[in-house]
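Structural overview
These are the residues of each chain, in order.
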Amino acid sequence: MDPQALQQLVAFLAPFLPYLLKAGETAAEEAGKNLGTEGWNWAKALWQKLQPKIAGKAAAQEAAEDVAKTPNDPDAQATFRQQLKKLLADDPTLAAELTSLLGQIRPAGVNVIASGNRSVAIGGNVSGSTIITGDQNQK
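These numbers come from a predicted model, not from an experiment.

Rules and cut-offs
- Residues numbered from 1 in each chain as written.
- Predicted model: local features only at pLDDT ≥ 70, side-chain atom pairs only at ≥ 80, totals over all residues.
- Heavy atoms only, no water.
- Core = buried A, V, L, I, M, F, W, Y, C linked by side-chain atoms within 4.5 Å.
- Buried < 20%, exposed > 50% of the residue type's maximum accessible area, 1.4 Å probe, protein only.
- Helix = DSSP H or I, 4+ residues; strand = E, 2+ residues; numbered from the N terminus.
- Contact = heavy atoms within 4.5 Å.
- Axes fitted to C-alpha atoms, helices over the stretch in contact; angles between N-to-C directions.
- Parallel < 35°, antiparallel > 145°, perpendicular 65-115°, else oblique.
- Nonpolar A, V, L, I, M, F, W, Y, C, P; charged D, E, K, R; others polar.
- Salt bridge = Lys/Arg side-chain N within 4 Å of Asp/Glu carboxyl O.

The next subject is the nonpolar core. Across soluble globular proteins, nonpolar side chains show a tendency to be buried alongside one another. Ranked by internal contacts, the top residues of the largest apolar core, which has 33 residues, are Leu-9, Leu-46, Leu-50, Ile-54, Phe-80 and Leu-84. Here this core gets seven residues from one element, more than from any other, and that element is helix 4 (residues 37–55). Residues in contact with Leu-9, not counting those within four places in the same chain, are Met-1, Leu-46, Leu-50, Leu-84, Leu-98 and Leu-102.

Given below as structure tokens:
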């Protein structure tokens, strides 16, 4: 799995992990749906593929639990991403399945608004770009 897809996978799963780790519990299902039914369904589909591999490796399970505790922690996400990278390197078929699923996920009804002077709004990926705002920026 390429690094960008791996990063997207972790970023997508991070807010759902607290609920995915408790999957099957009614309260977890309802809480997960609060993040959006469509997103929750995609997260469950991805997790269903990943979970058996993660459960079989203690370091990967611990990394997933760390992200579940602090979903916005970039260090926890990086550790989880590294563990997934190792797991998926050993299973190219699973990596291809996950990449395919990620490609099917499309943001529905996403509105991006820039508010205020010199604000920038980005509705997609702008990695590797430079964004300059301000007065009198000329070439």
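Running from N to C, helix 4 and helix 6 (residues 74–89) point in directions that differ by 85°, and their axes come no closer than 11 Å. Of the possible angle classes, the one that applies to helix 4 and helix 6 is roughly perpendicular. Contact residues: helix 4 offers Trp-47, Leu-50, Lys-53 and Ile-54, while helix 6 offers Phe-80, Leu-84, Leu-87 and Leu-88. Looking at the contact of helix 4 with helix 6 residue by residue, the classes come out as seven nonpolar, no polar and one charged.

This paragraph deals with the pattern of salt bridges. Counted under the stated rule, the structure contains two salt bridges. Across the pair Lys-49 and Glu-97 runs a salt bridge, and its minimum N-O distance is 3.2 Å. Of this pair, Lys-49 sits in helix 4 while Glu-97 sits in helix 7 (residues 92–104), placing them 48 residues apart in sequence. The exposure class assigned to Lys-49 is partly exposed, which follows from its relative accessible area of 35%. The class for Glu-97 is partly exposed, based on a relative accessible area of 32%.

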